[in-house]
Amino acid sequence: MKGRRVLGYVGFVLFLVTVWWSTTGLDINWERVMTGLPGAAAIVNLMFPPNWGYAGDVGGRLIETIHIAIVGTSIGAILAIPFGFLAAINVSRSRLMVGFGKSLLNAIRTFPELLLAIVIMRGVGPGAFAGVLAMGVHSIGMLGKLYAEVVEGIDPGPVEALQSTGANRIQTIWYGIIPQVLPDFASYALYRLEINIRAASVLGLVGAGGIGIPLLFNLRARIWDKVGMILLGIIVVVTIVDYGSAYLRKRIV
Amino acid sequence: MSGGLHNMDRLREERRSWFYFAIGIAIYGWSIYGVGFDPIDLVRGLPAMGNLFARMWPPDLAYVPTILPAFLETIKIALLSTVVGGLLAIPIILLAARNINRTIWLVYTVKAFLNLVRTLPDMLLAAIFVAALGVGALPGVMALAIFSFGIIAKLTSESTEAIDPGPIEAMEAVGARKLQVIHFAVVPQILPQFVAYCLYVFEINIRVAAVLGLVGAGGIGRLLLRDMNLLRYPQALTIIIATFVLVAGLDFFSTKLRERLI
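The rules behind each value
Residues numbered from 1 in each chain as written. Chains lettered and ligands numbered in written order. Predicted model: local features only at pLDDT ≥ 70, side-chain atom pairs only at ≥ 80, totals over all residues. Helix = DSSP H or I, 4+ residues; strand = E, 2+ residues; numbered from the N terminus. Rg over C-alpha atoms; globule rule 2.2 N^0.38 Å. Buried ≥ 20, exposed ≤ 12 C-beta atoms within 10 Å, placed from the backbone. Contact = placed C-beta atoms within 7 Å. Expected span 1.5 Å × (residues − 1). Axes fitted to C-alpha atoms, helices over the stretch in contact; angles between N-to-C directions. Parallel < 35°, antiparallel > 145°, perpendicular 65-115°, else oblique. Left-handed = near helix turned anticlockwise from the far one by under 90°. Nonpolar A, V, L, I, M, F, W, Y, C, P; charged D, E, K, R; others polar.

A. Quick peek at the overall build of chain B. The number of helices and strands found in chain B is 10 helices and 0 strands. Along chain B, from the amino end to the carboxyl end, the secondary structure elements read α-α-α-α-α-α-α-α-α-α. For chain B, whose C-alpha radius of gyration is 25 Å, the value lies well above the compact-globule estimate of 18 Å for 262 residues. The dimensions of chain B, computed from C-alpha atoms along their principal axes, are 70 × 65 × 40 Å. By residue count, 40% of the 262 residues in chain B fall in the buried class. Residue pairs at least 24 apart in sequence account for 72% of intrachain contacts in chain B once pairs closer than 6 positions are excluded.

See the structure below:
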């Protein structure tokens, strides 16, 4: 007990030292923070009122952003299904396959989406399509992991019943597992859509389509009232998608 | 007769499902058209991506010492912003928890504010701060700190609302002041969760910090962008692998800590 306590204190001191270390060597000092904060506040002031005349252009780009999120999420949600089954211990045949599936999903999740977008853009060129592909690949990582957990948590009864009647592997999965996991799969895909709407609004910062493209342009040109309009649009869309998705998820599960 | 009614209900229900299905398909068609989804482009682009990898291989290991400072900067940004965000969240957590703050309108105002903060994507905040404050690690830390603050405050205040009311009532019954109640009845119950959420946010922040440089907000992403633009592909691959190791390593470390906490 006493040992644990000492260990706790040592850990805490170590933590404080690490935090102190993280403030060193960065170009951060109180002076910059203190001059920066009023500067940022002044810019927020310039953003409002937003440029309403720009709302039409923003709307078009926002719709493209939603499209990217929808298509990217669906690609991820569909491709994640085989990965999810591969990584589920009660479906996959061998521990080796499960280990392989789980590490592959971990690896995919580790890779930042924007990095993927940059690499993919070298192949298909800049634009929304590259963003969709990056988002699709990245989404497989998290959805595959969640799917695998859903599959591992199913009721084994129907599966055993099917097996006892001599159903083959595909039939067992199709009639015994799919009906059980489909609502959870759909719910997780919707949850991923909420994340991806935010991600899609950022993709444009590297040139991969959506609202990020005019945002970057207006930030560089320092046209703050247009930046304000874009931010307002993003807030509205993200909020609507969040509420819509939460409503649908409640109805599904 | 009831059977007939039942059938009509079912028919209506069925018609409604088809209606939703059709709307879904229409939205899909529009989306696929809208993003310029083109399988031919993809097939044509694959060799170009393969070619890119061929030109990247092998990674330039002699480049590792050069990128080390930016690598460490990425870790510093992630850590510092999580700590700042967590500290900023502490007072807001108490204000946003219904069972601590009994002024209901204030609770809802704070919750609405937190929802608003969370709608803004982290990279977007970073891009705005870069435009406002100039290139460097500072805008990155500020953007991630605000983002971390939003998530930590929301998650922890929700956990706070679910704590056991017994200790609070007991303290109030003996006439303890608000701060005493918080210190002795609330903090011990939510501290492990608070730390766990901070670690969870730290895991997110590492991923973001690794790409912050793409918008000029410090860290290793800046070097990646430069090397990709200069067509220094083996160097770019070294950075990509380093990013991968960084995220995977810190992720593993943080997950282990979180498992021990709860």
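B. Fine view of the overall build of chain A. A tally of regular secondary structure across chain A gives 10 helices and 0 strands. When the helices and strands of chain A are listed from N to C terminus, the series reads α-α-α-α-α-α-α-α-α-α. On C-alpha atoms alone, chain A measures out to a radius of gyration of 24 Å, which is more than a quarter above the 18 Å that the 2.2 N^0.38 rule sets for 253 residues. Dimensions of chain A along its principal axes, counting C-alpha atoms only, are 75 × 60 × 40 Å. For chain A, long-range pairs separated by at least 24 residues make up 74% of all intrachain contacts whose partners lie at least 6 apart in sequence.

C. Spotlight on helix H10 (residues 233-261) of chain B. Compared with an ideal rise of 1.5 Å per residue, which puts 29 residues at 42 Å, H10 of chain B spans 42 Å between its outermost C-alpha atoms and is within 8% of the ideal. Restricting attention to buried positions, one finds in H10 of chain B the residues Gln235, Ala236, Leu237, Thr238, Ile239, Ile240, Ala242, Thr243, Leu246, Val247 and Leu250 of chain B. Taken together, the buried residues of H10 of chain B touch helix H4 (95-110) and helix H5 (113-124) of chain A together with helix H2 (39-56), helix H3 (64-96), helix H8 (178-212) and helix H9 (221-229) of chain B.

D. Fine view of the packing of helix H7 (residues 166-173) of chain B against H8 of chain B. Residue and element names in this part refer to chain B. Axis separation between H7 and H8 bottoms out at 9 Å; the angle between their running directions is 150°. Between H7 and H8, the crossing angle belongs to the class labelled roughly antiparallel. In this structure, H7 meets H8 at a crossing whose hand is right-handed. Contacts between H7 and H8 involve Pro167, Ile168, Met171 and Glu172 on the former and, on the latter, Gln180, Val181, Phe184, Ala185 and Val186. Residues belonging to the contact of H7 with H8 are distributed by class as follows: 7 nonpolar, 1 polar and 1 charged.

E. Highlighting the interface of chain B and chain A. Counting residues at the interface gives 47 residues for chain B and 46 residues for chain A. Across the side of chain B that touches chain A, the residue classes break down as 34 nonpolar, 7 polar and 6 charged.

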